[in-house]
Amino acid sequence: MFLNSKSRFYFNISITQNIKFCFKKIFNVSSKNQYSSNFISDLYKGSDIYHLEHGRSAFYLFLTTLKKKTNKRKIIINSFTLFEMINMIIYSDFEPLLVDLKSNSFETNLENIIEKNKDDLAAVVITHLNGFNENIFQVKENIDRLNNNRTEKIFLIEDCAVSLGAKKKSFYAGKIGDYAILSFNIMKNITTLTGGVLIDNYKKLDINTNLKSFNNKKNISSIKQSCFVFLLQILNSKIFFPFFFQFIKFSYRINLNFFLKKYRTDFKVFTKKQIPEDYLEKMDPLKKELLTNQLKKIHEDQNLRIKKAKIYYDKLKKLECFFFPQTNFDESNIFIDFPIICKNDELKKKIWKKSLKKNIDIKNYYYTNCGTEKIFKKYGGNEEFLNSKNIEKNIFMLPVNKNFNQKDIEKVIQFLIDTVNA
């Protein structure tokens, strides 16, 4: 029965917290809370922290600062990523060099790519997808070796937008490279409506000078964001979601794109002639306040997600029709969702069609394989991007958030088993 359907979305701020934030902006109440900044500093001890309005804004701040220090123009980045990260490279007058993932894995396939492009390579971006990208240690060794023989440094950047809290070999994701990017939008494990941070481990580029070109966030913009998130919170609430899900199903059935492109993060890939103005903003001070309680509980939340992810894996691992890109159930993964990859697109379509019919809300996408997008095709380092293409086409992301209890997870597992065996 459709009234039993439950939203896969979980907003890490409550409706009450969001309303309080909105009213503080309306009445221009300032924030005196500095805890969030200090907490991030505890995770990244010895690093400089810069708060921006988006994770992509933090990336742009780094790139425009780097541009003044180098004549090299290539930036290596995953093909399987948020397309706006590639746009930031283009907007800052660098050239993205897109590379594939490893087969059925979230690790970047960088074999011979760094060495081949070393003379014009300004930076390498390692994307931590849903947890720790373990090949970063080898990448760092390769870059350090190359940097020993040249005066102009190749920088290592960590994209930690979907991996805050992941830890490997006593290092948090974001502490191994020269710089790192964090993101706090509404779909992340830490949420401030929008928001991002640039972590500066290197501390030899003049970030502060470039930061002066970023504007303070306007109150009206923050209020609009708060109202939009409030609407999503209501629509995805226990009472309203069963009815909202019927509209979602209808939208897929008739290709209601104007709605779907707002509901899905991967829906429409585009680039503009120059960076949008709202990307050139500092984080609203009140958003730092929203981070406080969430950051205190980040490891507790992570442990719960890991336990739920393992339930999926233990029950589904015997099914030969699935691949699992993450099988370490420890602090190296944060599991915003639990990923499974179907062995073929026929199975993917079958599961997706039946999930809608059964009113089971699972996510049938993750990031976009940007290498095969028309606007980015000329930047391909691996021409076919077969691994990224396969993952984009055949992935499901299963919910592990606080909104889903073990009974809900068992329901999804049984649905998948029944669908595969049907």
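Everything discussed here concerns the structure shown above.
Small disclaimer: the values here were computed from a predicted structure and weren't measured. (Residues numbered from 1 in each chain as written. Predicted model: local features only at pLDDT ≥ 70, side-chain atom pairs only at ≥ 80, totals over all residues. Heavy atoms only, no water.)

Looking at this model, I keep getting lost on helix H14 (residues 386-394). Mind explaining?
Residues separated by three or four positions in an α-helix point in the same direction, a consequence of the helix having 3.6 residues per turn. Within the span of H14, buried status applies to Asn-387, Ser-388, Ile-391 and Asn-394. End-on, the buried residues of H14 take up no more than an arc of 155°, which puts them together on one face. Each element contacted by the buried residues of H14 is listed here: strand S3 (80-81), strand S12 (337-342), helix H13 (345-357), strand S13 (368-369) and strand S14 (395-399). (Buried < 20%, exposed > 50% of the residue type's maximum accessible area, 1.4 Å probe, protein only. Helix = DSSP H or I, 4+ residues; strand = E, 2+ residues; numbered from the N terminus. Arc of directions from axis to C-beta. Contact = heavy atoms within 4.5 Å.)

I tried to follow the environment of Ile-199 on my own but got confused; where do I start?
Note that Ile-199 resides in strand S10 (residues 196-200). Given a relative accessible area of 0%, Ile-199 falls into the buried group. Residues Ile-199 and Tyr-50, 149 residues apart in the sequence, show an inter-C-alpha distance of 6.7 Å. For Ile-199, the residues in contact, after removing those within four places along its chain, are Ile-40, Tyr-44, Ser-47, Asp-48, Ile-49, Gly-174, Asp-178, Tyr-179, Ala-180 and Leu-182.

What am I meant to see in a positive patch on the surface here?
On the surface, a cluster of positive charge is contributed by Lys-353, Lys-354, Lys-357 and Lys-358. Its place among the elements puts Lys-354 in helix H13. (Patch = residues over 30% accessible without salt bridge, like charges linked within 9 Å, V, L, I, M, F, W, Y side chains within 5 Å. Areas by Shrake-Rupley, 256 points an atom, 1.4 Å probe, with all protein chains shown as cover. Salt bridge = Lys/Arg side-chain N within 4 Å of Asp/Glu carboxyl O. Lys, Arg positive; Asp, Glu negative; His and termini not counted. Charge placed at Lys NZ, Arg CZ, Asp CG, Glu CD.)

Sorry, what's going on with the pattern of salt bridges here?
Under the criterion given, the structure shown has 20 salt bridges. A salt bridge links Glu-410 to Lys-315; its shortest N-O distance comes to 3.1 Å. Here the residue Glu-410 occupies a position in helix H15 (residues 406-421), and Lys-315 occupies one in helix H12 (residues 298-316), the gap between them amounting to 95 residues. Take Glu-410: its relative accessible area is 26%, and that puts it in the partly exposed class.

Sorry, what's going on with a nonpolar patch on the surface here?
A cluster of nonpolar side chains, contributed by Ile-19, Phe-23, Ile-26, Phe-27, Val-29 and Phe-230, occupies part of the molecular surface with about 560 Å² of accessible area. The biggest single contributor to the nonpolar patch is helix H1 (residues 15-26), with three residues. With respect to the element layout, Val-29 can be found in the loop between H1 and helix H2 (35-43).

Sorry if this is basic, but what is going on with the sheet that holds S14 here?
The strands that make up a sheet pair up through hydrogen bonds in the backbone, lying either parallel or antiparallel. Ordered by their spatial adjacency, three strands build an open sheet running S11-S12-S14, and the pairing between neighbours is antiparallel. The sheet terminates laterally at strand S11 (322-323) and S14, the two strands that pair on one side only. Inspection of the sheet shows S11 paired to S12 by two bridges, in the antiparallel sense. Each bridged residue has a counterpart across the sheet, and for Phe-322 the counterpart in S12 is Cys-342. Each of S11, S12 and S14 touches H13; the most contacted strand, S14, lies at about 35° to it. (Pairing = 2+ DSSP bridges. Axes fitted to C-alpha atoms, helices over the stretch in contact; angles between N-to-C directions.)

Looking at this structure, how should I read unusual backbone geometry?
Most peptide bonds adopt trans geometry, and most residues besides glycine take a negative phi value. Phi at Asn-28 is positive, roughly 60°, even though this residue is not glycine. Considering the arrangement of structural elements, one finds Asn-28 in the loop between H1 and H2. On the basis of relative accessibility, which here comes to 57%, the residue Asn-28 falls in the exposed class. Even without being glycine, Lys-169 reaches a positive phi, approximately 55°. Relative accessible area serves as the criterion here: at 58%, Lys-169 is assigned to the exposed category.

Would you explain the packing of H1 against helix H11 (residues 285-296) in this entry?
Helix-helix packing: each pair is described by the crossing angle between the helix axes and the interaxial distance. Between H1 and H11, whose axes approach to 11 Å, the crossing angle comes to 160°. As far as their axial angle goes, H11 and H1 are roughly antiparallel. Judged by the twist between their axes, the crossing of H1 over H11 is right-handed. Together, Gln-17, Phe-21, Lys-24 and Lys-25 of H1 and Leu-286, Lys-287, Glu-289, Leu-290 and Asn-293 of H11 make up the contact between the two elements. Of the residues that constitute the contact of H1 with H11, the class distribution is three nonpolar, two polar and four charged. (Parallel < 35°, antiparallel > 145°, perpendicular 65-115°, else oblique. Left-handed = near helix turned anticlockwise from the far one by under 90°. Nonpolar A, V, L, I, M, F, W, Y, C, P; charged D, E, K, R; others polar.)

Looking at this structure, I do not really get the pairing of strand S9 (residues 179-183). What am I missing?
Looking down a regular strand, the side chains alternate between one sheet face and the other. With five of five residues buried, S9 lies mostly within the body of the structure. Across the two faces of S9 the burial is the same, with Tyr-179, Ile-181 and Ser-183 and Ala-180 and Leu-182 all buried. In this sheet, S9 lies alongside strand S6 (residues 155-159) in parallel orientation, the contact comprising three bridges. Within the sheet, the bridge partner assigned to Glu-158 lies in S9 and is Ala-180.

Nothing here speaks to function; it is geometry throughout.
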